[in-house]
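# What the coordinates show
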Amino acid sequence: MITARAAATFEPVGRSVATARSFVRDTLQGWGYADIIDDAVVLTSELVTNAVVHAGTSAEVLCLRGDDHVRIEVSDRYPEREIPLQSAAINMGSPDREGGRGLQLCAALAGRWGVDYSATHKQVWFQIDLPGRSVGTRAAGPALPTELLPLADERVRVAVVQIDKTGAITAWNEDAEHLFGYSADHVIGKPLTDLAAWPHTPGTSTGIVDALQLSRWEGSYGIRGASGRVCPVYASHLRVRDTDGDPSTVCLLVRDHERAVLQTPLRLPTPDSAGSESQGADAFEIFIGSPAPDDLDGLLQRTVERARDMLDADAAFLLLATDDETELEVRASTGLPSARQRFARVPVEVGPGRYGSARMPAVHEDLTQVPGAVPLLNGTGMRSVVTVPLKVEGRLTGSLGVAAEAPDRYSNEEALRLQFAADRIAMAVESARLGELEKLRRGSLSFLVEASDLLAGTLDRDQTLALMAQMTVPTLATWCAVYMIADQASEPYLSYVLHEDEDRIDGLKALLSKITPPEPVPTPGARIWAAPAEAAHQAALRTSMRSLGLGEPANVSSGIGTTLATASAVGGETVVLPLVARNRVIGMLTLGKPTDEHFRQEILELAEDLSRRAALALDNARLYSERMAISQSLQRSLLPPELPDVPGVEVEVIYRAAGEGNEVGGDFYDLFPIRDGAYGFAIGDVCGTGPEAAAVTGLARHALRLLAREGFGGPAVLERLNAAILDEGARSRFLTLLYGELWPQEDGSAVLKMVCAGHPLPLRLRQNGSVEPFAEPQPLLGVMDDLELYEQTMTLDPGDVLLCVTDGITERREGTRMLGDDGLAEVLSGCTGLTAGAVAARIMRAVERFAADAPSDDMAILAMRVPGIQHD
């Protein structure tokens, strides 16, 4: 028999789902059926969502009350004839599906359900049986055996203690005196904190002083009695105003084992549903666990959606605690601007508002009366909110909250229901969070290993900057900028800018160029830098006003799109990390997000690790560049700046230093005038490289010029140079040297006087293609004190070529093969008729082609050709 009915029609808009939930909740609340409201509201929410959101039609909701049941019918105008067949096990389908769970939930929660079709309508109905209970009761628990009932003393005593705004006791009843042994005269006026023994639970820092500031609170602690022993109590606190309008707290206290007297009853299965597992299970658990999403974000999003539905809220949010529990980070929300709130962080203990009590449930009836109490909801239009902690083994792991646009929507009962749900999913959330964290850490380790390899693979500063930026964007941030500091006395300067959208780079670089660089603070860790977002906002505002003719006239219409795009690109969170190497700040790495986005704490920690590696790589590149510049400068000083023109003789020199760093020392050459008509030339090779070899190289080249111009002959010059090398002591190096003097003759020939001290013998190429050594070997320099050197006089006829090389040419290797003197002579024999420059080039080309590997030794070639007298 139908004893009451209520009906309503809802338009095909998303807001209708919340309105339908409110309609069903209010209807069942008015009929006095609070116990079935949660199941009915959830089922109605799913079915109305299918109609107005997925089917896109209006929905008609009809509530029917019978003697022992409630029937709710949801009709829409999309008669698709698809009814899922229920098998033995209920398959809730993929958690990522947007629809299709409504009928399966009906099968899980409702006693009976069905689908009726007509040509124009589809009607889904479900029936929930009313629990058996005494008429007039609001809620009742099941009948229990006597041994399971709570244990009480001869009579239950409820201590009533009232506390004023200062925390002092103002009322103390007889039961309080009996339980704790203090008379009212003894305790009135004293702080309750003097008597309370607050439990020191790991991970819980909120004390009784904080608990007394909450509007409602239930929990356990101890009261130290007159005997000195602590009596465990269960307390229910209610914050009220006294007759003067001042805040006051009423505390109802019972012995802890008698908590059933005060504790708000939880929803328990009725006797009729004892045999039905799905009927007795909490709806929240069904939604989260059937099946639960595999990923953390999916689990959190499902949690906030079900929390919102369970309390018929307009919004819900979930925050996870950082490892040190000092901050809460927004990880999921519904009904709120998620793009603005995602990954925002809120301190746990700072401030007088809600997050000062994040470790306990809290209810705010009207946020307009307590501005800023819940920072996450500032500016969202939400007025009432209930929040509960997520705890695992006493440790705070997160916070779950639901909010409504209307005031006074929630009470302590909703807080306890939400806490009950939070307790049931806290372990699953923590397990998923740890899994995500482990996955992120493995990915971070792989990322850092790859980054280290890439950074270690180059010693070029510009390439290091580019690599650092490319590793950062878009993996860690949307854009990045690198500021460098030349030295301690210099100001930071913008060195590199990168954005994931290449079209934004120029605008971003122009914007950052106008902003004062961040301060080079050596303190490790990321710090917020608000200047880019503020500058971008101001630039966009000025550009928009000028385009509307409200500001100073300017031709900016073509650039308004770029300006606004840049403002959007840098409008989110911007952080700065110092680049510290060898206890010195060498620059700053700036990371940015687009409008209203925040960085995750794990990403910032990863960026900090990367910045340390990048800073060292940049500093190594700087040191290498400085060293290479010094080396190249010194090497240039050891070679003649330019060669003189020798009348009647073609001269060509090729010098190739081996190795990436081009270390100083090694091979050298020289050609210089001695006096009128006479020229000195030399080519040599100092043993080894580095500063010691450079010292001998510089000594040899400058000593040759000085001694030759003093009129000493070849043997005397080399003997004195040998003595000078030996005087260097431990820094001395042996030296192979070919030194000679050249006199061009009027008949087109040239006379040479040479001393070959341990050096590869020079080769002469005649016009007929024959090649022969052009000197005799003599002892090298820097080994023996007494040298007996002699000078050989030779003549180069017109068309002859004299080729002088260092051992880097003759010792060129490919595996076990070596070019050698014979190979060089063979190449030279094919150079008949070529100029000195062409001869030197062909020799070098042949040497390079002899082996695929890069040369391992310096190479020098000195080619001289006597072309003879040219006749017109």
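None of these values were measured; they are calculated from a predicted model. (Residues numbered from 1 in each chain as written. Predicted model: local features only at pLDDT ≥ 70, side-chain atom pairs only at ≥ 80, totals over all residues. Heavy atoms only, no water.)

## Focus on the sheet that holds strand E7 (residues 169–172)
Strands sit in the order E7-E6-E11-E10-E9-E8 across an open sheet of six strands; the sheet is antiparallel. With one partner strand each, in any of the chains shown, E7 and strand E8 (196–197) form the two edges of the open sheet. (Pairing = 2+ DSSP bridges. Helix = DSSP H or I, 4+ residues; strand = E, 2+ residues; numbered from the N terminus.)

## With respect to the pairing of strand E25 (residues 678–689)
Moving residue by residue along a regular strand, the side chains alternate between the two faces of the sheet. Summarising burial for E25: nine of the 12 residues are buried, a large majority. With eight bridges joining them, E25 and strand E26 (residues 735–744) adopt antiparallel strand pairing. When the bridges of E26 are listed, Ile683 appears paired with Leu738. (Buried < 20%, exposed > 50% of the residue type's maximum accessible area, 1.4 Å probe, protein only.)

## Quick notes on a negative patch on the surface
Judged by side-chain charge, Glu719, Asp785, Asp786 and Glu788 come together as a negatively charged surface patch. Examined against the element boundaries, Asp785 turns out to sit in the loop between strand E30 (777–778) and strand E31 (792–796). With relative accessibility at 63%, the residue Asp785 sits in the exposed group. (Patch = residues over 30% accessible without salt bridge, like charges linked within 9 Å, V, L, I, M, F, W, Y side chains within 5 Å. Areas by Shrake-Rupley, 256 points an atom, 1.4 Å probe, with all protein chains shown as cover. Salt bridge = Lys/Arg side-chain N within 4 Å of Asp/Glu carboxyl O. Lys, Arg positive; Asp, Glu negative; His and termini not counted. Charge placed at Lys NZ, Arg CZ, Asp CG, Glu CD.)

## Here we look at the packing of helix H11 (residues 412–456) against helix H16 (residues 601–637)
Put simply, H11 and H16 touch, their axes get as near as 10 Å, and they point 15° apart. Looking at the two axes, H11 sits roughly parallel to H16. In this structure, the crossing between H11 and H16 has a hand that is right-handed. Between H11 and H16, the residues in contact are Leu437, Leu440, Ser444, Phe447, Leu448, Ala451, Ser452 and Leu455 and Glu602, Leu606, Asp609, Leu610, Arg613, Ala614 and Ala617, respectively. Looking at the contact of H11 with H16, its residues break down into 10 nonpolar, two polar and three charged. (Axes fitted to C-alpha atoms, helices over the stretch in contact; angles between N-to-C directions. Parallel < 35°, antiparallel > 145°, perpendicular 65-115°, else oblique. Left-handed = near helix turned anticlockwise from the far one by under 90°. Contact = heavy atoms within 4.5 Å. Nonpolar A, V, L, I, M, F, W, Y, C, P; charged D, E, K, R; others polar.)

## Describing the packing of aromatic side chains
This structure, assessed with the given rule, holds five aromatic pairs. Where Tyr655 meets Tyr669, the ring centres are 6.2 Å apart and the plane angle is 50°; that geometry is what we call tilted. Of the two residues, Tyr655 sits in strand E23 (residues 650–656) while Tyr669 sits in strand E24 (residues 665–675), which places them 14 residues apart along the sequence. Comparing Tyr655 with Tyr669 shows no difference in burial state: the two are buried. Chaining the aromatic ring pairs together yields one cluster made of Trp172, Phe180 and Tyr182. One cation-aromatic arrangement involves Arg71 over Trp125; the distance from NZ or CZ to the ring centre is 4.0 Å. (Phe/Tyr/Trp six-rings, centres within 6.5 Å; stacked < 30°, edge-to-face > 60°. Lys NZ or Arg CZ within 6 Å of the ring centre and 35° of its normal.)

## Re the sheet that holds strand E1 (residues 2–10)
With respect to topology, five strands assemble into an open sheet ordered E1-E2-E3-E5-E4, the strand pairing being antiparallel. The two strands at the open ends of the sheet, each matched to only one other strand, are E1 and strand E4 (112–117). Here the strands of the sheet are splayed against their neighbours by 15° on average, with no regard to which way each runs. One ladder, built from eight bridges, connects E1 with strand E2 (residues 59–66); its direction is antiparallel.

## Brief notes about the packing of helix H1 (residues 15–31) against helix H2 (residues 37–55)
Packed helices, taken two at a time, are described by their axes: the angle between them and the distance between them. The interhelical angle for the contact between H1 and H2, taken along N-to-C directions, is 150°, at an axis separation of 9 Å. The angle between H1 and H2 falls in the class roughly antiparallel. Where H1 crosses over H2, the two elements pack in a sense that is right-handed. Mapping the contact onto sequence places Ser16, Val17, Ala20, Arg21, Val24, Arg25, Leu28 and Gln29 in H1 and Ile37, Asp38, Ala40, Val41, Thr44, Ser45, Val48, Thr49, Val52 and Val53 in H2. Counted by class, the contact of H1 with H2 contains 10 nonpolar, five polar and three charged residues.

## Comments concerning the confidence of the model for the chain
Scored by pLDDT, the chain has a mean of 80; 83% of the residues are at 70 or more. Every residue in residues 134–139 is under pLDDT 50, and counting partners more than four places away or in other chains gives five contacts. Low pLDDT, under 50, characterises residues 266–284; the predicted model gives this stretch 29 contacts beyond four residues in sequence or across chains. (pLDDT = per-residue confidence, 0-100.)

## Things to note about helix H17 (residues 691–709)
Given a rise of 1.5 Å per residue, 19 residues ought to cover 27 Å, and the 27 Å separating the end C-alpha atoms of H17 matches this to within 8%. If you check which residues of H17 are buried, you get Ala693, Ala694, Val696, Thr697, Gly698, Ala700, Arg701, Ala703, Leu704, Arg705, Leu707 and Ala708. (Expected span 1.5 Å × (residues − 1).)

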